[in-house]
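Descriptive analysis of the structure
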Amino acid sequence: NAFSQVNPVQTVRLYDLVRDWSLSGEGGRVIDAYCGSGGISLWLAKSGAKVLGIEEVAEAVESARHSAQINGLADLCEFVVGDAENHMEQSGIRSVVLDPPRKGCSEGTINSLAKMSPDCIVYVSCNPSTLARDVGKLTAYKIEKLCVVDMFPQTPHVETVVLLRRR
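Rules of the game
Residues numbered from 1 in each chain as written. Predicted model: local features only at pLDDT ≥ 70, side-chain atom pairs only at ≥ 80, totals over all residues. Heavy atoms only, no water. Helix = DSSP H or I, 4+ residues; strand = E, 2+ residues; numbered from the N terminus. Rg over C-alpha atoms; globule rule 2.2 N^0.38 Å. Buried < 20%, exposed > 50% of the residue type's maximum accessible area, 1.4 Å probe, protein only. Areas by Shrake-Rupley, 256 points an atom, 1.4 Å probe, with all protein chains shown as cover. Lys, Arg positive; Asp, Glu negative; His and termini not counted. Charge placed at Lys NZ, Arg CZ, Asp CG, Glu CD. Core = buried A, V, L, I, M, F, W, Y, C linked by side-chain atoms within 4.5 Å. Contact = heavy atoms within 4.5 Å. Disulfide = S-S within 2.5 Å. Pairing = 2+ DSSP bridges. Axes fitted to C-alpha atoms, helices over the stretch in contact; angles between N-to-C directions.

1. Some thoughts on the overall build of the protein chain
Of the regular secondary structure elements, the protein chain holds five helices and seven strands. Listing each helix as α and each strand as β along the protein chain from the N terminus yields α-β-α-β-α-β-β-α-β-α-β-β. Taking 2.2 N^0.38 as the reference for a compact globule, 167 residues should give roughly 15 Å; the C-alpha atoms of the protein chain span a radius of gyration of 14 Å, in line with that estimate. Across its three principal axes, the protein chain shows a C-alpha extent of roughly 45 × 40 × 30 Å. When each of the 167 residues of the protein chain is scored for burial, the buried share is 49%. Of the roughly 8000 Å² of accessible surface on the protein chain, a fraction of 51% belongs to carbon and sulfur atoms. Of the charged side chains in the protein chain, 17 are positive and 20 negative; the average position of the first set lies 6 Å away from that of the second.

2. Points about the nonpolar core
Judged by nonpolar contacts, the single largest core of 30 residues is most densely connected at Leu44, Phe79 and Val161. Of all the secondary structure elements, the ones that give two or more residues to this core are helix H1 (8-23), helix H2 (39-46), helix H3 (58-70), strand E3 (77-81), strand E5 (120-125), strand E6 (141-149) and strand E7 (159-166). Here this core takes six residues from H1, the largest share from any one element. Residues within four places of Val161 in sequence aside, it is in contact with Leu14, Leu17, Val18, Trp21, Val122, Tyr123, Val124, Lys145, Leu146 and Cys147.

3. Some words on the state of the cysteines
Applying the stated rule across the entire model yields zero disulfides. The structure places no disulfide on Cys120, whose sulfur is separated from the nearest cysteine sulfur, that of Cys105, by 15 Å. On the basis of relative accessible area, Cys120 is assigned to the buried category, the value being 1%. With no disulfide of its own, Cys126 lies 11 Å from the sulfur of Cys105, the closest cysteine sulfur.

4. Topic: helix H4 (residues 107-116)
For H4, every residue scored as buried is listed here: Gly108, Thr109, Ile110, Ser112, Leu113 and Met116. On its buried face, H4 is in contact with strand E1 (29-33), strand E4 (95-98), E5, helix H5 (128-137) and E6. Of the residues flanking the end of H4, it is Ser117, one or two places downstream, whose phi is positive at about 55°.

5. Quick notes on the sheet that holds E3
The seven strands lie next to each other as E3-E2-E1-E4-E5-E7-E6, forming an open sheet whose pairing is mixed. Both outer strands of the open sheet, E3 and E6, are each paired with one neighbouring strand and no more. Between one strand and the next, the sheet's axes are offset by a mean angle of 15°, whatever the strand orientation. Bridge analysis of strand E2 (residues 50-55) against E3 gives five bridges, and the strand direction is parallel. Paired with Glu55 across the bridge in E3 is Val81. Contacts from H2 reach E1, E2, E3 and E4, with the element oriented near 160° to E3. Against the sheet, H5 touches E5, E6 and E7, its axis set at about 160° to E5.

Right, here's the structure in full:
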């Protein structure tokens, strides 16, 4: 039941963008909300970041924990089962990665982000409508960068990555 990207070449490109934009050349601590089976979390940890991955699907979290263990990244990754909104309000977190399902972020997640006020948010979306809706609610942030990654050639579907910086 865990989601994972199906285009390995473009997944590397997507994950590199997320890493470059969320870490800004530094390690640090990052929250990966809607982490699924931990693909982005593990990619960030491989670069030295300490990552808190949050996912509602318990089976996906078990897969993420197992992947972290076999890749020698368990000390850098912590994975929790639950709603992002209930686990995000942690002090000292400068970056948050959002990669929600097509329906976008929950209202609670948006509210938690507003309270938490990280320096940057990297939002990965497969649905431009919910991306626009959610970014519109994050009024304390401005779009600094945007990139479209064609994960599904010969279809109209793309992944959009947006870097939001606190104003």
